[in-house]
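# Structural description and commentary
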Amino acid sequence: MNEMIFNDDNSKCLLIKQFTNNVFMMLVTDINGIIIYANEKYCEFNNVHFENIKGKKYSLFNLIDENQINCCVNGNNDNKGVYRLETKRNNDTQQDIWEDISIIPVFDESNLISHYVFISLDITDKVELRNELFNKSYIDSLTGISNRLSIVEKIENERLNVLQPSSFCLGIIDCDKFKSINDQFGHHAGDKVLCEISKRLSQLENNEVYCGRLGGDEFAVLFPKGLRSCSVILLEIIESLWKSMEKPININSDFMLTPSISLGIAEYPKDGKTLSELLKSADETLYSIKEMGGNKYGFYSGF
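Residues numbered from 1 in each chain as written. Predicted model: local features only at pLDDT ≥ 70, side-chain atom pairs only at ≥ 80, totals over all residues. Heavy atoms only, no water.

## A look at the overall build of the chain
Convention followed: Strands here are runs of E lasting at least two residues and helices are runs of H or I lasting at least four, both read from the DSSP assignment and numbered beginning at the N terminus. Buried means the residue's accessible area, taken with a 1.4 Å probe over protein chains only, is under 20% of the maximum for its type, while exposed means over 50%, and partly exposed covers the values in between. Should any heavy atoms of two residues lie within 4.5 Å, those residues are counted as being in contact. Where accessible areas are quoted, they stem from the Shrake-Rupley method and a 1.4 Å probe; at the residue level, only the protein chains shown are allowed to cover.
Per the secondary structure count, the chain includes eleven helices and twelve strands. Residues classed as buried in the chain amount to 43% of the 303 residues present. In the chain, 54% of the contacts between residues at least 6 apart in sequence involve partners at least 24 apart. Accessible area of the chain: about 18,100 Å², with a carbon and sulfur share of 51%.

## A word on the side chain of aspartate 30
Applicable threshold: Two residue types count as positive, namely Lys and Arg, and two as negative, namely Asp and Glu; His and chain ends fall outside the count. Just to be clear on terms, a salt bridge is a Lys or Arg side-chain nitrogen sitting within 4 Å of an Asp or Glu carboxyl oxygen. For this analysis, a polar contact is any N or O atom pair within 3.5 Å, provided that within protein one partner can donate a hydrogen and the other can accept it, and provided that sequence-adjacent residues contribute only side-chain to side-chain pairs.
Note that aspartate 30 resides in strand β1 (residues 25-30). In this structure, aspartate 30 is buried with no salt-bridge partner, the nearest side chain bearing the opposite charge being lysine 57 at 8.1 Å. Within the structure, aspartate 30 has its side chain in polar contact with the backbone nitrogen of glycine 33 (distance 3.0 Å). In terms of polar contacts, aspartate 30 uses its side chain to reach the backbone amide nitrogen of isoleucine 34, at 2.9 Å. Not counting residues up to four positions away in its chain, the partners in contact with aspartate 30 are Phe61, Ser114, His115 and Tyr116.

## Section: unusual backbone geometry
Of note, the bond from tyrosine 268 into proline 269 is cis; its omega dihedral lies within 30 degrees of zero at 0 degrees. Secondary-structure assignment places proline 269 in the loop between β11 (261-268) and α11 (275-291). Positive phi, normally seen in glycine, also occurs at asparagine 47, with a value near 55 degrees. With respect to the secondary-structure elements, asparagine 47 resides in the loop between α3 (40-46) and α4 (50-53). With a phi close to 55 degrees, lysine 177 is a non-glycine residue in the positive phi region.

## Describing helix α10 (residues 232-244)
Put simply, the test is: In this analysis, the expected span of each helix is defined as 1.5 Å times one less than the number of residues it contains. Of all possible arcs, the one meant is that of the directions from the helix axis to the C-beta atoms.
Taking 1.5 Å per residue, 13 residues should reach 18 Å; α10 reaches 19 Å between its end C-alpha atoms and fits that length. Listed as buried for α10 are Leu234, Ile237, Ile238, Leu241, Trp242 and Ser244. Burial along α10 is one-sided: seen end-on, the buried residues are contained in an arc of 160 degrees. Exposed and facing more than 90 degrees away from the buried side of α10 are Val232, Glu236 and Lys243.

## Topic: the nonpolar core
Across soluble globular proteins, nonpolar side chains have a tendency to be buried as a group. We count it as follows: Among buried residues, those of type Ala, Val, Leu, Ile, Met, Phe, Trp, Tyr and Cys that are joined through side-chain atoms within 4.5 Å constitute a nonpolar core.
In this structure, Ile173, Ile197, Leu201, Phe223, Ile238 and Leu241 are the most contacted members of the largest nonpolar core, which totals 32 residues. Of all the secondary structure elements, the ones that give two or more residues to this core are β6 (168-175), α8 (178-185), α9 (187-202), β8 (218-222), α10, β9 (249-252) and β11. If near-sequence neighbours (up to four positions away) are discounted, leucine 241 is found in contact with Ile173, Leu201, Leu204 and Ile261. Counting 20 residues, the second largest nonpolar core, distinct from the first, contains Met25, Ile53, Ile64 and Ile69.

## Quick notes on the environment of serine 262
Structurally, serine 262 is set in strand β11. In contact with serine 262, not counting residues within four places along its chain, are Ile172, Ile173, Asp174, Asp176, Leu286, Ile289, Lys290, Gly294, Asn295 and Lys296.

## Topic: the pattern of salt bridges
Pairing is possible between side chains that carry opposite charge, provided their charged atoms lie close to one another. Enumeration according to the criterion identifies eleven salt bridges in this entry. When the shortest N-O distance is used, the salt bridge between glutamate 156 and arginine 159 registers 2.7 Å. Note that glutamate 156 and arginine 159 are positioned in helix α7 (residues 148-161) at a spacing of three residues, about one turn of the helix. Here arginine 228 and glutamate 267 are joined by a salt bridge, their closest N and O atoms 3.0 Å apart. Placement of the pair is arginine 228 in the loop between β8 and α10 and glutamate 267 in strand β11, with a sequence separation of 39 residues. The buried category is assigned to glutamate 267, whose relative accessible area is 2%. Among the charged side chains, a network of salt bridges with common partners joins Asp174, Asp176 and Lys290.

## A short note on the sheet that holds β1
Each strand in a sheet pairs with another by means of backbone hydrogen bonds, the pair being arranged parallel or else antiparallel. To keep it simple, the criterion reads: Two strands pair under a simple rule: DSSP has to find at least two bridges between them. Simply put, an axis is a line fit to the C-alpha atoms, just over the touching stretch for a helix, and the angle between two N-to-C directions goes from 0 to 180 degrees.
Strands sit in the order β2-β1-β5-β4-β3 across an open sheet of five strands; the sheet is antiparallel. One side of each edge strand has no neighbouring strand; the edge strands of this open sheet are β2 (35-38) and β3 (83-90). Going across the sheet, the axis of each strand differs from the next one's by a mean of 25 degrees, ignoring polarity. Where β1 and strand β5 (residues 113-122) come together, six bridges link them in antiparallel fashion. The partner of methionine 25 across the bridge, within β5, is serine 120.

## What to know about the confidence of the model for the chain
When pLDDT is low, close inspection of the predicted coordinates is not appropriate. Operational definition: Scored from 0 to 100, pLDDT reflects the predictor's confidence in each residue.
Here the chain shows a mean pLDDT of 85. Residues at 70 or above account for 85%. Of all helices and strands in the chain, the one with the weakest mean pLDDT is helix α1 (residues 2-7) (39), whereas β8 scores best (96). The low-confidence segment residues 1-7 (pLDDT under 50) makes four contacts with residues lying over four places distant or belonging to another chain.

Structure, rendered in structure tokens:
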């Protein structure tokens, strides 16, 4: 029975048509991107009638990359002749819609491309789930900035990929007298301070600085690669951070608090050739500063 179905060309065509109409969106354009065919699934998903889009240029035709198409056609791979990608666009309600699109070139008798077939699948739910899992893995749930796993991976990648004699500096930040904030105003106030410090740290990202929360009231700051502890640019970044901390935080209707931080900085590879050594050097510097009263920054070489 199965052999009869699949050996029958008419049945094959019917099966393929039914499959593409109910599962995949399909659209065909000529070599210039003019729409000549769209299946029922495409029209239904995009809330259009074929007659209204026939003869018009396909809005996603700009996704065609001739170099990629040629690579797929001439390359030795399992998807020969298929160029695949993910793309995002907005629907009528301005919601992000993600599609997995396969672009298939169709050749004429002279072996020249005459048409393009776009076969797409709605993967919005898949992408949203992927982003959600990423956020849970790499984003701190309280502050919204990178978490410990993310910052540690970033530091390690920087360490492994850095080209000698380049270097980079790592800073560890601690909120001064954080326990007293929690004790006096409650943990909700402490959380508010952490979120506000995180927000101000994030502003440094315009200077190619990578920030993350290590846990508790500790944060890590990975300064741009190539900067050394004596760099003027590094000092300017630190000064801009200190200036951002001057703005008070509204703890409640009766009290404003100006955040105070301490920052210990270590330089790779001078102050540590491994991740653990570098973190230890920055951490030792931080606590030396806190023992002197905090609200300062310093470099490992000075201790």
